[in-house]
Amino acid sequence: VQLFKGRAGQETTQIPYSLLRGILSSSFEIQENDRAAVARQKLEQGILKYTSNLESATLYSHFIGHLIGLDYSSSPYLKGILSDARQVRDLAFHYATQFFGDVTRKNTAVIFLEDIHWADTGSLDFFEYLMNKRPDLPLLIIGLTRSTLFEQRQDWGTSPIQNLSLNLLPLSEADTRRLIAEILQKVPEVPEAVMDLIVKKAEGSPFYVEELIKVLIEGGVIIRGTEQWSVELD
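Since we're looking at a predicted model, the values are computed, not measured. (Residues numbered from 1 in each chain as written. Predicted model: local features only at pLDDT ≥ 70, side-chain atom pairs only at ≥ 80, totals over all residues. Heavy atoms only, no water.)

**Points about the pairing of strand β2 (residues 109–114)**
The line we're drawing: Buried means the residue's accessible area, taken with a 1.4 Å probe over protein chains only, is under 20% of the maximum for its type, while exposed means over 50%, and partly exposed covers the values in between. Every helix listed is a DSSP run of H or I at least four residues long, and every strand listed is a run of E at least two residues long, numbered separately from the N terminus. One requirement defines pairing of two strands: DSSP has to find at least two bridges between them. Orient the strands so they point away from the viewer, and a crossover whose first-strand-to-second-strand path over the helix runs clockwise is right-handed.
β2 sits mainly inside the fold: 5 of its 6 residues count as buried. As paired strands, strand β1 (residues 2–7) and β2 are joined by 6 bridges and run parallel to one another. By the bridge assignment, Arg 7 is partnered in β2 with Glu 114. Pairing between β2 and strand β3 (residues 139–143): 5 bridges, direction parallel. Looking across to β3, one finds that Ile 111 is bridged to Ile 141. Crossover handedness for the path β2 to helix α5 (residues 121–133) to β3: right-handed.

**Here we look at the packing of aromatic side chains**
Applicable threshold: To pair, rings of Phe, Tyr and Trp, with the six-membered ring standing in for Trp, must have centres within 6.5 Å; the planes then decide the type, stacked if under 30 degrees apart, edge-to-face if over 60, and tilted in the middle. We count a charge as sitting over a ring when the NZ of a lysine or the CZ of an arginine lies within 6 Å of the ring centre and within 35 degrees of the ring normal.
Inspection of every chain in the model, using the stated rule, returns 14 aromatic pairs. Taking 6.1 Å as the distance between ring centres and 85° as the angle between the ring planes, the aromatic pair formed by Tyr 17 and Phe 93 counts as edge-to-face. Pair noted here: Tyr 17 is in the loop between β1 and α1 (18–28) and Phe 93 is in helix α4 (residues 85–103), with a separation of 76 residues, a long-range link. A relative accessible area of 12% means that Tyr 17 is categorised as buried. In this arrangement the basic side chain of Arg 40 is found over the ring face of Tyr 72, its NZ or CZ atom lying 5.8 Å from the centre.

This is the structure we're talking about:
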């Protein structure tokens, strides 16, 4: 299985195609501090790994690269259409879809997307385009999101592909207490006051349970030892 991973963040919500750029940068080891020429070279070499035809790989790279913010304004492929943002976008979507088609020619692919409630509009548009245009690909897209995504894009990721939504409910109080006990298993006996505080503040979120325990450790309430941890209620 060929795995592609990307994560959206609050700080990149307004940056066009930042999620798609993050996926390709991670896969092809493109660093933020790479010189423009180096970043373009890494993109082209990365795409070429999956697209055996050099001319096709170059074509894909120029359009995809320009879409995600790598400057290909001098590209002969974009000559004459740079002023038409819609045409550049449509062709970039087409060639990016062709690229993922090439990726899945030999292997099943998985695209793992985290926190897509913060994803930029352009990236969400692209993945919707990919799913609608090529529902036949051996491709699994997993999107982790808060429900707020569907307040803006109610039908995102639902047709014409096979799809499944898994709604994760908050942990029950009993399960939250079990999770706290597991994380703090080196504490001989977790004081009820600490347990109650975390349960109340976390509101059933495993992430908040972990973050609250970190805060208590940083604040000197929970003292980590080599063999055993202790709690200082004072």
